[in-house]
There are 2 protein chains.
Amino acid sequence: MNKNTKFNAAILIIGNEILSGRTQDTNTSTLAIWLNSIGVKVNEVRVIPDVEKTIVDTLNILRKSNNYVFTTGGIGPTHDDITAKSVAKAFGLKYEVHKEAFKILEKYYKPGEFNEGRQKMVWMPENAELILNPTSGAPGFSVENVFCLPGVPSILKSMLGGLKNKIVGGKPILSYTISLKTVESEIANSLTKVQDQNKDVEIGSYPFFHAGKLGVSIVLRSENKSQIDACNLQILEFVNKKKIEVVDR
Amino acid sequence: MNKNTKFNAAILIIGNEILSGRTQDTNTSTLAIWLNSIGVKVNEVRVIPDVEKTIVDTLNILRKSNNYVFTTGGIGPTHDDITAKSVAKAFGLKYEVHKEAFKILEKYYKPGEFNEGRQKMVWMPENAELILNPTSGAPGFSVENVFCLPGVPSILKSMLGGLKNKIVGGKPILSYTISLKTVESEIANSLTKVQDQNKDVEIGSYPFFHAGKLGVSIVLRSENKSQIDACNLQILEFVNKKKIEVVDR
């Protein structure tokens, strides 16, 4: 683990559709890459069902042990969308119509189309801050360090730009990958030595099978480019000694 | 929530590569679909880093609150593969060479190829039960209700067949999807009424954007086919009344 990383986050995926296997979550990867780029490390991800007590309890654990919590899912107009109500409960806040959100959606929809179903989407914890939605109107919101985003990946992505100024992070977490035509067992001992000598660089080893080729990708992660470079040199040293081929991946 | 589901599981994804966003997890979906088919419901998923204390603590929470825990990742030969050692620690068991696993890999590799790196993969908690690996030799293992599988999706998939007899589940959890050419807000109220009248069916509503078309998929989940059918009829009733088109998805 990189001890220099000062800002961390948890991602809370709310949705039965992920737990049933029907839908593959892609929001974790989107959020993690974006958070790393602004110097926030993801400590953990949890996927939980659309059950109020579970959402409330999990939120209350995660928001106290992380600088930020990002929730995805459950902010639409149907009965299974209970994130906003649950966040209000977790913080002990009123759950009420958000006036600014109401105005935004009243303007977004054609006259007469801002119906009861859609009006549910402006119910939020009192004094929530809005996260604007350039794709489909209905805003997300934040309360203290909890940021609530929709589950639909394309909409979530479009909302990250508007979030940037609200998140304070550290130095971007850099990542460098070296791919080798080898198997993990060939390099395991040498790699352990490099990790032992470079405690502040997170070194991961991942076998791949790609276009019929077997190989291993070594991933170096740190905020510090010179530490990554030093690590890379040590790896190339044993790679050359062992006559292992470096490949594109 | 379906109150009739008696068997539940947690999935514990162990791996920095998921938390960094580099790799998109697909094992959750594979495991969830398979578990549902043998009558086991997934209660929660957690993704955590390759950190021993985190793995031990999380395992000790999950194994006590679920019938089964499935871990993925961290059972290879490199320094970041610490799942087996962590499981031993969580259960207070010795971490030692598993004789049967040793024999399997000794036979699997050509003479001289069962090197030190590969031998790491036969270190397991004492008396662990093996989960055979028809793809790449190195077995997974289970201790009590914790089942440890590899992170590489194709290898994980190939090992599920060998697990079937070790998992006791209930009735398969059935799923039925109705896709509609509409938006969620149009059906939200009617759908809430159907959910209120069918507490034992889990009803999910998911907007989709597919080939330029907007729509909503309603997913009905239960162990009981007749309850799903009854629910479906009630939905078709309001769908017909509202003149909403049913579409393929």
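Residues numbered from 1 in each chain as written. Chains lettered and ligands numbered in written order. Predicted model: local features only at pLDDT ≥ 70, side-chain atom pairs only at ≥ 80, totals over all residues.

Asks: What is the right way to look at the pairing of strand E2 (residues 41-48) of chain A in this model?
Replies: The side chains of a regular strand alternate, residue by residue, between the two faces of the sheet. By the criterion of burial, E2(A) is predominantly enclosed, with seven of the eight residues buried. As judged from the seven bridges shared by strand E1 (residues 8-14) of chain A and E2(A), these two strands associate in the parallel manner. Each bridged residue has a counterpart across the sheet, and for Ile11(A) the counterpart in E2(A) is Val45(A). Two elements, E2(A) and strand E2 (residues 41-48) of chain B, share three bridges in a ladder whose sense is antiparallel. Each bridged residue has a counterpart across the sheet, and for Arg46(A) the counterpart in E2(B) is Arg46(B). (Buried ≥ 20, exposed ≤ 12 C-beta atoms within 10 Å, placed from the backbone. Helix = DSSP H or I, 4+ residues; strand = E, 2+ residues; numbered from the N terminus. Pairing = 2+ DSSP bridges.)

Asks: Can you help me understand the interface of chain B and chain A in this one?
Replies: How big an interface is tends to be expressed through the accessible area that disappears when the partners come together. Counting residues at the interface gives 52 residues for chain B and 51 residues for chain A. For the side of chain B that touches chain A, the secondary structure elements donating two or more residues are helix H1 (16-19), helix H2 (27-37), E2, helix H6 (116-119), helix H8 (184-197), strand E10 (202-210) and strand E11 (213-222) of chain B. (Contact = placed C-beta atoms within 7 Å.)

Asks: Could you clarify how one ought to interpret the packing of H8(B) against helix H9 (residues 225-241) of chain B in this entry?
Replies: Pairs of packed helices are described in terms of their axes, by the angle between the two and the distance that separates them. Residues and elements named next belong to chain B. Between H8 and H9, the least distance of the axes is 10 Å, while the angle of their chain directions is 160°. Overall, the two elements H8 and H9 adopt an arrangement that is roughly antiparallel. H9 is crossed by H8, and the crossing has right-handed handedness. Facing H8, whose interface residues are Ser190, Val194 and Gln197, H9 presents Cys231, Gln234, Ile235 and Phe238. A breakdown of the residues in the contact of H8 with H9 according to their chemical character gives four nonpolar, three polar and no charged. (Axes fitted to C-alpha atoms, helices over the stretch in contact; angles between N-to-C directions. Parallel < 35°, antiparallel > 145°, perpendicular 65-115°, else oblique. Left-handed = near helix turned anticlockwise from the far one by under 90°. Nonpolar A, V, L, I, M, F, W, Y, C, P; charged D, E, K, R; others polar.)

Asks: So what exactly am I meant to see when it comes to the sheet that holds strand E8 (residues 146-149) of chain A here?
Replies: In a beta sheet, neighbouring strands pair by backbone hydrogen bonds and run either parallel or antiparallel. Here twelve strands make up an open sheet; going across it, the order is E6(A)-E7(A)-E8(A)-E3(A)-E1(A)-E2(A)-E2(B)-E1(B)-E3(B)-E8(B)-E7(B)-E6(B) and the pairing mixed. Two strands bound the open sheet, and with one partner strand each, they are strand E6 (129-133) of chain A together with strand E6 (129-133) of chain B. In this sheet, neighbouring strand axes are inclined to one another by 20° on average, regardless of whether the strands run parallel or antiparallel. Contacts from helix H3 (residues 52-65) of chain B reach strand E1 (8-14), E2, strand E3 (68-72) and strand E8 (146-149) of chain B within the one sheet, and its direction differs from that of E1(B) by about 170°. The strands that helix H4 (residues 83-91) of chain B touches are E1, E3, strand E7 (137-143) and E8 of chain B; relative to E8(B), the one it contacts most, it runs at about 170°.

Asks: What is the right way to look at the environment of Thr78(A) in this model?
Replies: Tracing the chain through its elements places Thr78(A) in the loop between strand E3 (68-72) and helix H4 (83-91). As a C-alpha pair, Thr78(A) and Ile61(A) span 17 residues in sequence and 26 Å in three-dimensional space.

Asks: Even after reading the chapter, I still don't get the pairing of E8(A), so can you show me in this structure?
Replies: Residue and element names in this part refer to chain A. Neither face of E8 is exposed, since Val146 and Cys148 on one face and Phe147 and Leu149 on the opposite face are all buried. Note that E3 and E8 share four bridges and pair parallel. If you follow Thr72 over to E8, its bridge partner there is Leu149. As defined by bridge partners, strand E7 (residues 137-143) adjoins E8 across three bridges and the pair is classed as antiparallel. What sits directly across from Val143, in E8, is Val146. Count of turn residues in the E7/E8 antiparallel hairpin: two residues, of which Glu144 carries a positive phi of about 50°.

Asks: In this structure, what is going on with the relation of the copies chain B and chain A? I would like to understand it.
Replies: Between the two copies of the chain lies a rotation about an axis combined with a shift along it. Superposition record for chain B on chain A: RMSD 0.0 Å, screw rotation 180°, translation along axis 0.0 Å. As the rotation angle and translation indicate, the two copies are arranged about a two-fold axis. For chain B, the residue whose C-alpha comes nearest the rotation axis is Arg46(B), separated from it by 2.2 Å. Both copies share a contact surface, since 98% of the interface residues of chain B are interface residues in chain A too. (Least-squares fit on C-alpha atoms with pLDDT ≥ 70 in both.)

Asks: Any chance you could explain H3(B) here in plain terms?
Replies: Given 3.6 residues to a turn, an α-helix orients residues that are three or four positions apart in the same direction. Residues and elements named next belong to chain B. Helix length check: H3 (14 residues) gives 20 Å between terminal C-alpha atoms against 20 Å at 1.5 Å per residue, within 8%. Turning to H3, its buried residues are Ile55, Thr58, Leu59, Leu62 and Arg63. Taken around the axis of H3, the buried residues stretch over an arc of 125°, which confines them to a single face. Those residues of H3 that are exposed and aimed more than 90 degrees away from the buried face are Lys53, Asn60, Lys64 and Ser65. (Expected span 1.5 Å × (residues − 1). Arc of directions from axis to C-beta.)

Asks: Teacher, can you tell me more about the domain arrangement of chain A here?
Replies: Considered domain by domain, chain A is made up of domain 1 (8-166) and domain 2 (174-247). Summarising the inter-unit geometry, the C-alpha centres of domain 1 of chain A and domain 2 of chain A are found 37 Å apart. (Domains from an automatic or database assignment.)

Asks: I tried to follow the packing of H3(B) against H4(B) on my own but got confused; where do I start?
Replies: All names here are of chain B. The geometry of H3 relative to H4 is characterised by a closest axis approach of 9 Å and an angle of 50° between their N-to-C directions. The angle between H3 and H4 places the two elements in the oblique class. Considering how the two elements wind past one another, H3 and H4 form a crossing that is right-handed. Within the contact between the two elements, H3 uses Glu52, Ile55, Val56, Leu59 and Asn60 and H4 uses Thr83, Ser86, Val87, Lys89 and Ala90.

Asks: What should I look at first to understand the sheet that holds strand E10 (residues 202-210) of chain A in this one?
Replies: Residues and elements named next belong to chain A. Pairing within the open sheet is antiparallel, and its four strands lie in the order E10-E11-E9-E12. The sheet is open, and its two borders are formed by E10 and strand E12 (245-247), each paired with just one other strand. Averaged over all adjacent pairs, the angle separating strand axes in this sheet is 35°, with direction ignored. Judged from the three bridges that link them, strand E9 (residues 174-181) and E12 form a sheet pairing that is antiparallel.

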